[in-house]
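Listed here are the chains, written in short residue letters.
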Amino acid sequence: ADEDVRALVDACDWNVSPTLLSLQVPSGTRDRSEPLLTNNVRYFLGKHLTMLSAYNEALELLKGVDLHYVVDPAGCLFQKAVCEHHLLIREDGLKTLDLLTNRTEAVPVRYEKLAALMREDLESVEEESLSEVARQMKDVERRLSLGKTDDGVQEVEEKIIATLDKLIKQMEDQQQQQSSSSAAGSGSASPSKGAEDSYLGGVRGRGETDKKDLGHKDNWGDLPPKAKEAAKNLLDRQFPPHYRQAVEEYLKKVADRPAPQR
């Protein structure tokens, strides 16, 4: 019944493209005179983008939905929670889940079960932890797979680097304190080096990566040797071997992508 809406629906195929990601809900006088149409079209497009893992774009649409005019408020809140959960927007995500499970009628059982899992996961994620870093790495990979290399991607990359730097610094301080305590206890000013080597004992294989000439690309692969070794020690000491493999594979993928056009 509406040519603009029909054009938008026809454009919603299953191939992610810049055109699809930039689709806008038809506006004009509808925002005031036809809120039922506008809000449900916004929900439709937001749900479609969520199913394509375009969580950032979907969330921007779903945040603007007035639930009073949506035919499926529970579905709208669930899709919004999925986006916030994946993007680790903890506070807003928990609020959305509370609204879904405690203040919304006719919530399907599958939504309730998944909402409980998302709530538990968001509550357990610690800020500036390696677990959070791993999730952020997956998010960057997702954005890159959608062809996104904008400021949002670079902002997440910078957060990952800052967290890794902080964790490495904490590990170095802890090792220094342990060395000092050991030296004081033994009366020796030269602690043994054997303890540092023992951190690598649980890793299978050498964990080496291919050396590549990264040119002027992002600084993911340009860490100084000392910083690389410190990062590996941190992973080896505190986390299972698959964390280290995931980090190394991620860094190689990001380092190998072309530099963004400026």
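Refer to the structure presented above.
Residues numbered from 1 in each chain as written. Predicted model: local features only at pLDDT ≥ 70, side-chain atom pairs only at ≥ 80, totals over all residues. Heavy atoms only, no water.

**Quick notes on helix α6 (residues 73-86)**
Taking 1.5 Å of rise per residue, 14 residues should cover 20 Å, and α6 covers 20 Å from first to last C-alpha, within 8% of that figure. Of all the 14 residues making up α6, 11 are buried; the element is thus mostly covered by neighbouring parts of the structure. Among all positions in α6, only Ala74, Gly75, Cys76, Leu77, Phe78, Gln79, Lys80, Ala81, Cys83, Glu84 and His85 are buried. As for α6, its buried residues are in contact with α4 (35-51), α5 (55-62), α7 (90-102), α8 (109-124) and α9 (130-145). Just past α6, the residue leucine 88 takes up positive phi, approximately 60°. (Helix = DSSP H or I, 4+ residues; strand = E, 2+ residues; numbered from the N terminus. Expected span 1.5 Å × (residues − 1). Buried < 20%, exposed > 50% of the residue type's maximum accessible area, 1.4 Å probe, protein only. Contact = heavy atoms within 4.5 Å.)

**Observations concerning the nonpolar core**
Of all hydrophobic cores here, the largest spans 24 residues; its most connected members are Cys12, Leu20, Leu45, Leu49, Cys76 and Cys83. The set of elements that each furnish at least two residues to this core consists of α1 (3-11), α2 (18-21), α4, α5 and α6. At five residues, the largest contribution of residues to this core is made by α5. Discounting chain neighbours no more than four positions away, the residues touching leucine 20 are Ala11, Cys12, Asp13, Asn15, His48, Leu49 and Leu52. Core analysis: the next-biggest nonpolar cluster, separate from the first, contains 14 residues, Phe78, Leu97, Leu100 and Val107 among them. (Core = buried A, V, L, I, M, F, W, Y, C linked by side-chain atoms within 4.5 Å.)

**Structural notes on the pattern of salt bridges**
Counted by the stated rule, this structure contains five salt bridges. The closest approach of N and O atoms between glutamate 84 and lysine 80, which form a salt bridge, is 2.7 Å. Highlighted residues: glutamate 84 and lysine 80, both in helix α6, separated by four residues, approximately one helical turn. In terms of burial, glutamate 84 and lysine 80 fall into one category: buried. (Salt bridge = Lys/Arg side-chain N within 4 Å of Asp/Glu carboxyl O.)

**Some details on the environment of leucine 88**
Position of leucine 88 among the secondary structure elements: in the loop between α6 and α7. The sequence separation of leucine 88 and glutamate 132 amounts to 44 residues, and the corresponding C-alpha distance is 8.4 Å.

**Concerning the side chain of threonine 50**
Position of threonine 50 among the secondary structure elements: in helix α4. Accessibility expressed as a relative area gives 6% for threonine 50, which makes it buried. Ignoring anything within four residues of it in the chain, the contact list for threonine 50 reads Tyr55, Ala58, Leu62, Gln79, Val82 and Cys83.

**Regarding α4**
Within an α-helix, residues lying three or four positions from one another point in the same direction, as the helix has 3.6 residues per turn. For α4, with 17 residues, the first-to-last C-alpha span of 24 Å sits near the 24 Å given by 1.5 Å per residue. Along α4, 12 of the 17 residues are buried, which leaves the element largely enclosed by surrounding structure. Residue serine 53 follows α4 closely and has a positive phi angle near 70°.

**Topic: the environment of proline 108**
Locating proline 108 in the fold gives a position in the loop between α7 and α8. Each C-alpha atom, one on proline 108 and one on alanine 74, is 7.9 Å from the other, the two residues being 34 residues apart in sequence.

**Comments concerning the packing of α1 against α4**
Interhelical geometry of α1 versus α4 gives an angle of 10° and a closest axis separation of 11 Å. Relative to α4, the element α1 lies roughly parallel. Across the interface between the two elements, Val5, Leu8 and Val9 from α1 touch Leu37, Val41, Phe44 and Leu45 from α4. Residue composition of the contact of α1 with α4, grouped by class: seven nonpolar, no polar and no charged. (Axes fitted to C-alpha atoms, helices over the stretch in contact; angles between N-to-C directions. Parallel < 35°, antiparallel > 145°, perpendicular 65-115°, else oblique. Nonpolar A, V, L, I, M, F, W, Y, C, P; charged D, E, K, R; others polar.)

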